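Take a look at the letters that make up each chain.
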Amino acid sequence: MNKLIYDLGKEALRQLFGLSQPRAGKIALTSHAFQKMTEHKLDRETLENAFRHGRQGRAGMIIHKYARYSIGLYYKRIQPTMRSLNQPETTYLITTCWRGR
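Residues numbered from 1 in each chain as written. Predicted model: local features only at pLDDT ≥ 70, side-chain atom pairs only at ≥ 80, totals over all residues. Heavy atoms only, no water.

### Focus on the pairing of strand S5 (residues 91-100)
A regular strand places its side chains on the two faces of the sheet in alternate fashion. Two strands pair when backbone bridges link them, and strand S1 (residues 26-29) and S5 are joined in this way by four bridges, in the parallel orientation. Within S5, the residue paired with Ala 28 across the bridge is Leu 93. The sheet contact formed by strand S4 (residues 70-78) and S5 spans nine bridges and is antiparallel. Its bridge partner being in S5, Gly 72 is matched across the sheet by Trp 98. (Pairing = 2+ DSSP bridges. Helix = DSSP H or I, 4+ residues; strand = E, 2+ residues; numbered from the N terminus.)

### Overview of the environment of Arg 55
Note on placement: Arg 55 falls in strand S2 (residues 55-56). On the accessibility criterion, Arg 55 (61% relative accessible area) is exposed. (Buried < 20%, exposed > 50% of the residue type's maximum accessible area, 1.4 Å probe, protein only.)

### Details of unusual backbone geometry
Positive phi is not limited to glycine here, since Lys 41 has a value of about 55 degrees. In this structure, Lys 41 sits in the loop between helix H2 (31-39) and helix H3 (44-53). For Lys 41, a relative accessible area of 73% translates into the label exposed.

### Quick look at the pattern of salt bridges
Here the structure, examined in full by the defined rule, presents three salt bridges. When the shortest N-O distance is used, the salt bridge between Asp 7 and Lys 3 registers 3.4 Å. In this pair, Asp 7 and Lys 3 both sit in helix H1 (residues 2-17), four residues apart, roughly one turn of the helix. Overall, Asp 7 belongs to the partly exposed group, its relative accessible area being 35%. By relative accessible area, Lys 3 is classed as exposed at 57%. For Lys 36, the salt bridge identified is with Glu 39, shortest N-O distance 3.5 Å. You can see Lys 36 and its partner Glu 39 sitting in helix H2, three residues apart, about one turn around the helix. Judged by its relative accessible area of 21%, Lys 36 is partly exposed. Judged by relative accessible area, which is 47%, Glu 39 ranks as partly exposed. (Salt bridge = Lys/Arg side-chain N within 4 Å of Asp/Glu carboxyl O.)

### What to know about the sheet that holds S4
Here five strands make up an open sheet; going across it, the order is S1-S5-S4-S3-S2 and the pairing mixed. Each end of this open sheet is capped by a strand with a single partner; those strands are S1 and S2. H2 rests against S1 and S5 of the sheet, and its axis sits at about 30 degrees to S5. Its contacts with the sheet place H3 against S1, S2, strand S3 (61-65), S4 and S5, and it is angled at close to 75 degrees to S4. (Contact = heavy atoms within 4.5 Å. Axes fitted to C-alpha atoms, helices over the stretch in contact; angles between N-to-C directions.)

### A few points about the nonpolar core
The biggest cluster of nonpolar side chains holds 14 residues, and the ones touching the most others in it are Leu 42, Leu 47, Phe 51, Leu 73, Tyr 75 and Cys 97. Every element with two or more residues in this core is listed here: H2, H3, S4 and S5. Here Leu 47 is in contact with Leu 29, Met 37, Leu 42, Ile 71, Leu 73 and Cys 97, once residues within four sequence places are set aside. (Core = buried A, V, L, I, M, F, W, Y, C linked by side-chain atoms within 4.5 Å.)

Here you go:
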């Protein structure tokens, strides 16, 4: 009974205040995303932070707002191949990124 009340309270807080767990999985960059990352003077850690903690926009789009700027990115989920089925970790491919005001 206590577990049920705890889960309901946790779900209510998540819905009210937008609290959620960071996204899990490995990330990979396309050559275009890497080019945009260097063009906007971003580093991989910043993109990973935006991916893990940003808010979901449209399907496949994440935006993370900082104090003076925001970081946005598009991503795709890569399906595991037959060789890597024993590794269930999900991989996400970042296709492009940008830095806004």
